[in-house]
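# Summary of the model geometry
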2 protein chains.
Amino acid sequence: MAKKEKTAITPTREEDYPEWYQQIVRAADLAEPSPVRGCMVIKPWGYATWENIREVLDRMFKETGHVNAYFPLLIPLSFLEKEAEHVDGFAKECAVVTHHRLIAGPDGRLIPDGELDEPLVVRPTSETIIGASYAKWVQSYRDLPILINQWANVVRWEMRPRLFLRTTEFLWQEGHTAHETRAEAWDETLQMLEVYKTFAEEYMAIPVITGEKSAGERFPGAVNTFCIEAMMQDRKALQAGTSHFLGQNFAKASKIMYLGRDGKQEHAWTTSWGVSTRLIGGMIMTHGDDNGMIMPPRLAPSHCAILPIIRNEDDRATALEYCNQLKAQLQQQTYHGAPVRVELDDRDINAGEKGWQWVKKGIPVTVEVGPREVSEGSVFVARRDKSRKERFSQTRDQFCGEIAGLLDQIQSDLLTRAREFRERHTRSIEDLADFRSFFTPESAEKPGIHGGFAISAWCGQSECESRINSELGVSIRCIPMDSTDSDAPCVFCGTAGSKPVVFAKAY
Amino acid sequence: MAKKEKTAITPTREEDYPEWYQQIVRAADLAEPSPVRGCMVIKPWGYATWENIREVLDRMFKETGHVNAYFPLLIPLSFLEKEAEHVDGFAKECAVVTHHRLIAGPDGRLIPDGELDEPLVVRPTSETIIGASYAKWVQSYRDLPILINQWANVVRWEMRPRLFLRTTEFLWQEGHTAHETRAEAWDETLQMLEVYKTFAEEYMAIPVITGEKSAGERFPGAVNTFCIEAMMQDRKALQAGTSHFLGQNFAKASKIMYLGRDGKQEHAWTTSWGVSTRLIGGMIMTHGDDNGMIMPPRLAPSHCAILPIIRNEDDRATALEYCNQLKAQLQQQTYHGAPVRVELDDRDINAGEKGWQWVKKGIPVTVEVGPREVSEGSVFVARRDKSRKERFSQTRDQFCGEIAGLLDQIQSDLLTRAREFRERHTRSIEDLADFRSFFTPESAEKPGIHGGFAISAWCGQSECESRINSELGVSIRCIPMDSTDSDAPCVFCGTAGSKPVVFAKAY
């Protein structure tokens, strides 16, 4: 038996995937739990990743005609109550503000005071409060469409928090649009779904399946919910973004009405769509390995770390001068329209420890510079996505000239690897026994490992959906966009003419 | 008597300054009150202004070595209580979360449920929650300094809200740094004050006085509070940003300790500094006129509006083609490193109304294009900061070639005008009777208009400070940075050797 290779993260993915995830978030210095139950502190390396996500998405939203605005954090309870399904969906997880000041209590400790006439809910999502503004702004069809996005924090009380994936407070964007016609709102819903897919694949290097949610998985109050679904390395699905066609439900709840071209009062058609800091969790679980995070270059806070190797104090000045020149030369290079982001890590700590820190953080490229490199005018390059055995030497000029290409190569290799992983663990299954065994753990030692994504025909009945969910913990992730009625019988009840849909265990 | 010129904003600044302010916020489409008392909706034009502010400041913070991170919105009450002055300062204005879900009450309406063991406060500021993280992160002097900034929303319950100036929820940035030595923390405090001054003057075109707050006006828990103070057009002062030297107060409260170079445990030295969406209120009150907002070009959401004047349907296609070419040509121009931001307003509405909308929004330059301009290859240009009588004609090429220079000219003219205004209304006053009359309204018809900023000697005693405050509503805005002990007697009590400080009525 081969000796187990030492890894920077313990346990490994195979040993204990959920614990591996917690350890990687910590080791990569992305975030940590906060003293407030369910909330997280997003540390600088994690937040810089979010800033990059935000910058790209913001540009994509603006290119598709949207503008940003900002609406209140606090929502009157009565607003939430306006849409019945909506309030049912969120009532169990709302942080409620009931008082507006603190006074000293009998024992001198502070207690809440100044009770509000109407409690306020910390927004779990903003359809109702934004709807109140749109109702004022929209009078005529000339005021439509309204195409607004908001970058904000939201709070959904979380009993089983996991950093990035499920936290009481999280950061997100929420687009809210209002349209004159059903067709326009429908097109908007699907357009934003495509924006999310493009972003996931081209920037996060995460292949996704786009599709529609089943009725049971819809956003509370939506007519149709569309999503992008990705496969993590434990073969479970992560819903990475949603785009909702809200029909006239919220327009009716909020009274968003316009005078139509025909002189009649009509309710507007609305959409909403969002992605959150959960995406960072998805990047970790798609690309991370047993040595830590692997950042896709297009979103990495930094692209390249330069690590001077100083064995001898006499070499220090020469090595640092060389490294500074290298840094400047790299920063003159452009990667997708912006300068390459470079760190020169000249901290006076153990070189091995220093190198591992960057590995764990997942910086795409590290460059070691020792006396040999200085004398040769070379660099010793490691790609984070390759084994350390594949490190290579290159002249400094060649490395700098090719850095953008190297980053692009890493970006595309990550996507390919993730796509191949997903394909390897996706199966068309027609038989219920096969379906059950696909979702049964392979062995008692690896309770988390099961088949992956099953593409199976489903009759469209919620009975079949909920039965398989309670039996196997498997849900319908989506009805893929290209899915059409087929001749296949439902894998559960045998009803003919069922649609192939994606089944998986999910986050 | 000359006929009163018609203005777009009613009332004018002179007629009723506070009401003029409300009207301009509405007319410029910057923000509006929300259904939640004290909160505002920041509309796209206002939010785009905030985005520009954020982008510039963020770059300045990063250039001075700071990184961004994100800390929880909700703060346990016990954290707030750790610093006695701090909690006293904020207790009266805290939104308190006491429950984490809603259930149907006896009458079917929802009521709060799931009472929390410990109430949570929606952050009014984050010293205490960030301090809890720093206490974990800092072990040794090697972990210092920590130089972090956060962009966030905060809530301070506001009884007398005014859009942008004073709202229950507002957006801001808060820098929080921890240092090994007193000197470093002190330097950081003053460095960030300088960053704010540079930003105010070079970007917002608002001249500011930097100085220290008197003890009574300090941030609760700070050792020293420094500020930038600006004069508005009603001659009142606006505190536009603050930088606090916190000494070891918060480090002691949060137990931020490090092992020093001498092997002893020490408390860190901390600072905090912030500016908020209030800055937009400051820009309105510094630059706005009786026709609306005037945006300083470096922060304007858009620099130039192109307004096609179509008198005759036959001209439409030619005019729009010309305008589209003009737009493309302008967008190829660079203003401070980014493309010139251009709007082509081809909405089919009344041309006069359309033009006034842009005037009210304060776009720096508007260009009218009618049949004459199309045939001549020219444009008809209006500067927002000049009278309509000064509009001029220019060839299209010349206009495009000079747009960056024109914007720079507007930017610097706005600053000059604001500086001259402030100087005109600032007076050194040695005599108490003069001081009183300086702060007494000039006439009953204009109750808001008084002298402006008085530079007068003050003995440093809080008695003199609070007496003049209750008598005249005048406060010490700051002890200017360049102020030194003088021979002058205190204007109130006559104590010799007092310091000249800035007195004003304030927002």
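Residues numbered from 1 in each chain as written. Chains lettered and ligands numbered in written order. Predicted model: local features only at pLDDT ≥ 70, side-chain atom pairs only at ≥ 80, totals over all residues.

### Structural notes on the overall build of chain A
- Broken down by element type, chain A carries 14 helices and 25 strands.
- Here chain A has a C-alpha radius of gyration of 26 Å; the compact-globule value for 507 residues is 23 Å, and the two agree.
- The 507 residues of chain A split such that 51% are buried. (Helix = DSSP H or I, 4+ residues; strand = E, 2+ residues; numbered from the N terminus. Rg over C-alpha atoms; globule rule 2.2 N^0.38 Å. Buried ≥ 20, exposed ≤ 12 C-beta atoms within 10 Å, placed from the backbone.)

### Looking at helix α10 (residues 351–361) of chain A
- Within α10(A), burial applies to A:Q357, A:W358, A:V359, A:K360 and A:K361.
- The first or second residue beyond α10(A) is A:G362, which carries a positive phi of 85°.

### Concerning the environment of B:M285
All names here are of chain B.
- With respect to the element layout, M285 can be found in helix α8 (residues 278–287).
- Taking the C-alpha atoms as reference points, M285 and L407, 122 residues apart in sequence, are found 20 Å from one another.
- The residues contacting M285, other than those within four sequence positions of it, are Y21, M232, Q233 and L238. (Contact = placed C-beta atoms within 7 Å.)

### Thoughts on helix α2 (residues 44–63) of chain B
Residue and element names in this part refer to chain B.
- Between its first and last C-alpha atoms α2 spans 28 Å; for 20 residues at 1.5 Å apiece the expected length is 28 Å, and the two agree.
- For α2, the set of buried residues is P44, W45, G46, Y47, A48, T49, W50, I53, L57 and F61.
- Backbone geometry just downstream of α2 places G65 in the positive-phi region, at approximately 90°. (Expected span 1.5 Å × (residues − 1).)

### So, the confidence of the model for chain A
- Here chain A averages 95 in pLDDT, while 98% of its residues score no lower than 70.
- Reported confidences for the modelled complex are a pTM of 0.96 and an ipTM of 0.96. (pLDDT = per-residue confidence, 0-100.)

### Structural notes on the sheet that holds strand β15 (residues 304–308) of chain B
Residues and elements named next belong to chain B.
- Taken in spatial order, the 5 strands of this open sheet run β18-β15-β19-β20-β21, and their pairing is mixed. Where the open sheet ends on each side, the last strands, each with one partner, are β18 (342–344) and β21 (392–395). Strand-to-strand, the axes of this sheet are offset by a mean angle of 30°, without reference to chain direction.
- Both β15 and β18 contribute to a ladder of 3 bridges, which runs parallel. Residue I306 lies in a different strand from β18, and its bridge partner there is L344.
- Helix-sheet contacts for helix α9 (residues 316–331) involve β15, β18, β19 (365–369) and β20 (378–383), and the interaxial angle to β15 is about 170°.
- Sheet contacts for helix α12 (residues 396–424): β15, β19, β20 and β21; angle to β21, the most-contacted strand, approximately 125°. (Pairing = 2+ DSSP bridges. Axes fitted to C-alpha atoms, helices over the stretch in contact; angles between N-to-C directions.)

### Some points on the interface of chain B and chain A
- Counting from both sides, the interface comprises 48 residues of chain B and, opposite them, 48 residues of chain A.
- Counted by class, the side of chain B that touches chain A contains 34 nonpolar, 7 polar and 7 charged residues. (Nonpolar A, V, L, I, M, F, W, Y, C, P; charged D, E, K, R; others polar.)

### Considering the sheet that holds strand β23 (residues 453–458) of chain B
Residue and element names in this part refer to chain B.
- The sheet built from 11 strands is open, its strands ordered β3-β7-β8-β14-β11-β10-β9-β24-β25-β23-β22 with mixed pairing. Edge positions in the sheet fall to β3 (67–68) and β22 (426–428), since each of these pairs with one other strand and no more.
- Sitting on the sheet, helix α5 (residues 127–137) is in contact with β7 (146–155), β8 (169–179) and β14 (269–276), with an inclination near 30° to β8.

### Describing the relation of the copies chain B and chain A
- Taken as rigid bodies, chain B and chain A are interconverted by a rotation of 180° and an axial shift of 0.0 Å, the fit giving an RMSD of 0.0 Å. Such a turn and shift between the copies fits a two-fold axis. In terms of C-alpha distance to the rotation axis, chain B has B:V97 as its closest residue, with the C-alpha 2.1 Å off the axis. (Least-squares fit on C-alpha atoms with pLDDT ≥ 70 in both.)

### Remarks on the nonpolar core
- Ranked by size, the top nonpolar core spans 307 residues in total, and within it A:A230, A:C304, A:V369, B:A230, B:C304 and B:V369 carry the most contacts.
- Leaving out residues up to four positions away in the same chain, A:A230 has contacts with A:A200, A:I206, A:P207, A:V208, A:A237, A:L238, A:A240, A:G282 and A:T286. (Core = buried A, V, L, I, M, F, W, Y, C linked by C-beta atoms within 7 Å.)

### Structural notes on the pairing of strand β25 (residues 499–504) of chain B
All names here are of chain B.
- Burial within β25 is extensive, with 5 of its 6 residues counted as buried.
- Bridge count between β23 and β25: 5 bridges; the pairing is antiparallel. Its bridge partner being in β25, W458 is matched across the sheet by K499.
- In this structure, strand β24 (residues 475–480) lies alongside β25, joined through 3 bridges in antiparallel fashion.

### With respect to the environment of A:L171
- By the secondary structure assignment, A:L171 is in strand β8 (residues 169–179).
- Owing to 21 C-beta atoms within 10 Å, A:L171 belongs among the buried residues under this scheme.
- As for A:L171 and A:V155, which are separated by 16 residues in sequence, their C-alpha atoms are 9.0 Å apart.
- With near-sequence residues (within four places) excluded, A:L171 lies in contact with A:W50, A:N153, A:S276, A:T277 and B:Y70.

### Observations regarding unusual backbone geometry
All names here are of chain A.
- The omega angle of the peptide bond from L144 to P145 is -5°, so this bond is cis rather than trans.
- Here P145 is to be found in the loop between α5 (127–137) and β7 (146–155).
- For K255, which is not glycine, the phi torsion reads 60° and is therefore positive.
- Checked against the element boundaries, K255 lands in the loop between α7 (249–254) and β12 (257–259).
- For K255, a count of 15 C-beta atoms within 10 Å gives the class partly exposed.

### A look at the pairing of strand β5 (residues 96–104) of chain A
- Here β5(A) pairs with strand β6 (residues 110–122) of chain A via 7 bridges, running antiparallel. Bridge pairing links A:I103 to A:I111 in β6(A).
- Counted between consecutive antiparallel strands, the loop separating β5(A) from β6(A) contains 5 residues, among which A:G108 sits at a positive phi close to 90°.
- As paired elements, β5(A) and strand β5 (residues 96–104) of chain B share 3 bridges and run antiparallel to each other. Within the sheet, the bridge partner assigned to A:H99 lies in β5(B) and is B:V96.

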